[in-house]
Amino acid sequence: MAIETLMREEVMESGVAAVEDRRTIQWSSVFAGALAAGAMSFILIGFGVAVGLGVSSASPTWRDASAALALLSGVYLIIQAIISFGFGGYIAGRTTRPAPALATIEDDGERRDGLHGLTSWALAVLAGAALLALLGAAAIDRSPMRSSASTTSAAEPLLSYELDKLFRAPRRAPNTDLREVRAEAGRVLMTSSSHSGVSADDRTYLVQQVAAVTGLAAPDAERRVDALIADSKTAINRARRNSIIVAFSVAAATLIGAAVAWAAAVAGGRHRDGEPLPNWMASSNRFHRSPRAMPVP
């Protein structure tokens, strides 16, 4: 009687331990998958930038930002996310220890491997976002434009070429400081993309400033100001359009990457256990050397 009681207690303890082990996240596999996804993403993004698949540049006068390039760059961003997160999810699922034999749900092992892939995806996304935030903060701190509030304008990186053309003059006194004038003109030109556009008072003020700085006659200054207002509106609309495309591509790539990481982790777990891929995956038995029929529920 005592022996039977002890055996029953051991079976119950082993069953509880198996259930707890089945529900535990193996962080070593999660970190391995996240590192693999990050490394693959770095390689693919670097290759894309090298071949010109980018919609932004460190140069403020970078002008090749057509809609076709933005769409192509967005598609490439989604493709690299599929490859990177698929690779990371597969690593996470393949390196996870197999689920214990005791299982009350038929697809419990599949769900367990998928959760490991999804966790590695989340860790890779958070690490990438933190790295981008640190790099952006460091770039802003080292920017020479943060000299003072009066000489700083958000239009300078975007409309620097337009501001150069606005105050271009064949002759100018040496040591002339145009930072405040450029910053004020940039803030005025930024209103060109609004619903009302540049107001009549702002336009008149710009004409006066251009005539005073460049020495142009009033009619020539008016023509220059009108041309630069139109160019500024086009540049701002182009930048806004590309920003929307990039934001949508990043969101789509991240969400698609979550699904790919889950599926790749499930595939990695199946390959680890020597089993064919599940039926919801296309060509489920193609990657298995000795395919076996899936049990019918």
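These figures come from a predicted structure and were not determined experimentally.

Concerning helix H2 (residues 27-50)
Over its 24 residues, H2 extends 34 Å from the first C-alpha to the last, a length consistent with the 34 Å expected when each residue adds 1.5 Å. Count one or two residues on from H2 and you reach Gly 52, which has phi positive near 95 degrees.

Focus: the environment of Tyr 161
Mapping Tyr 161 onto the fold places it in helix H6 (residues 160-166). Between the C-alpha atom of Tyr 161 and that of Asp 231, which follows or precedes it by 70 residues, the distance is 10.0 Å.

Side note on a nonpolar patch on the surface
On the surface, Val 75, Ile 79 and Ile 83 cluster together into a nonpolar patch covering about 240 Å² of accessible area. When you line up the elements, Val 75 lands in helix H3 (residues 67-95).

Structural notes on the packing of aromatic side chains
The final tally for this structure, using the stated rule, is one aromatic pair. Relative to Phe 31, the ring of Trp 27 has its centre 6.4 Å away and its plane inclined at 50 degrees; by these criteria the two rings are tilted. You can see Trp 27 and its partner Phe 31 sitting in helix H2, four residues apart, about one turn around the helix. Take Trp 27: its relative accessible area is 48%, and that puts it in the partly exposed class. Judged by its relative accessible area of 44%, Phe 31 falls in the partly exposed class.

Notes on the packing of H3 against helix H9 (residues 218-273)
One can describe the packing of H3 onto H9 by two numbers: an axis separation of 6 Å at closest approach and a directional angle of 25 degrees. It follows that H3 is roughly parallel to H9 by the angle criterion. In the crossing of H3 with H9, the sense of the turn from one axis to the other is right-handed. Split by residue class, the contact of H3 with H9 holds 19 nonpolar, ten polar and three charged.

Points about the pattern of salt bridges
Under the criterion given, the structure shown has six salt bridges. A salt bridge links Arg 182 to Asp 164; the shortest N-O distance between them is 2.7 Å. Linking Arg 182 in helix H7 (residues 179-189) with Asp 164 in helix H6, this pair joins segments that are 18 residues apart in sequence. Asp 220 is paired through a salt bridge with Arg 223; the nearest N and O atoms lie 2.1 Å apart. Of this pair, Asp 220 and Arg 223 both sit in helix H9, three residues apart, roughly one helical turn. Residue Asp 220 is classed as partly exposed on the basis of its relative accessible area of 34%. Residue classification places Arg 223 among the exposed residues on the basis of a relative accessible area of 53%.

Comments concerning empty space enclosed by the protein
Under the criterion given, the structure shown has one cavity of 30 Å³ or more. Residue lining of the largest cavity: Phe 167, Val 181, Glu 184, Ala 185, Tyr 205, Leu 206 and Gln 209, and that is the complete set. Among the secondary structure elements, those contributing two or more residues to the lining of the largest cavity are H7 and helix H8 (200-214). Considering only residue class, the lining of the largest cavity consists of five nonpolar, one polar and one charged.

Quick look at the nonpolar core
Judged by nonpolar contacts, the single largest core of 19 residues is most densely connected at Leu 166, Leu 189, Leu 206 and Val 225. Only H6, H7, H8 and H9 provide two or more residues apiece to this core. At six residues, H9 tops the list of elements feeding residues into this core. Not counting the four nearest positions on each side in its chain, Val 225 is found in contact with Leu 166, Arg 203, Leu 206, Val 207 and Val 210. Ranked by size, the runner-up nonpolar core spans eleven residues in total, among them Ile 78, Ala 81, Trp 121 and Ala 252.

What counts and how
- Residues numbered from 1 in each chain as written.
- Predicted model: local features only at pLDDT ≥ 70, side-chain atom pairs only at ≥ 80, totals over all residues.
- Heavy atoms only, no water.
- Helix = DSSP H or I, 4+ residues; strand = E, 2+ residues; numbered from the N terminus.
- Expected span 1.5 Å × (residues − 1).
- Patch = residues over 30% accessible without salt bridge, like charges linked within 9 Å, V, L, I, M, F, W, Y side chains within 5 Å.
- Areas by Shrake-Rupley, 256 points an atom, 1.4 Å probe, with all protein chains shown as cover.
- Salt bridge = Lys/Arg side-chain N within 4 Å of Asp/Glu carboxyl O.
- Phe/Tyr/Trp six-rings, centres within 6.5 Å; stacked < 30°, edge-to-face > 60°.
- Buried < 20%, exposed > 50% of the residue type's maximum accessible area, 1.4 Å probe, protein only.
- Axes fitted to C-alpha atoms, helices over the stretch in contact; angles between N-to-C directions.
- Parallel < 35°, antiparallel > 145°, perpendicular 65-115°, else oblique.
- Left-handed = near helix turned anticlockwise from the far one by under 90°.
- Nonpolar A, V, L, I, M, F, W, Y, C, P; charged D, E, K, R; others polar.
- 1 Å grid on protein atoms, 1.4 Å probe; cavity = no way out; pocket = protein on both sides within 12 Å on 5 of 7 lines; lining within 4 Å.
- Points joined across faces, edges and corners; volume = space filled by probe spheres on them.
- Core = buried A, V, L, I, M, F, W, Y, C linked by side-chain atoms within 4.5 Å.
- Contact = heavy atoms within 4.5 Å.

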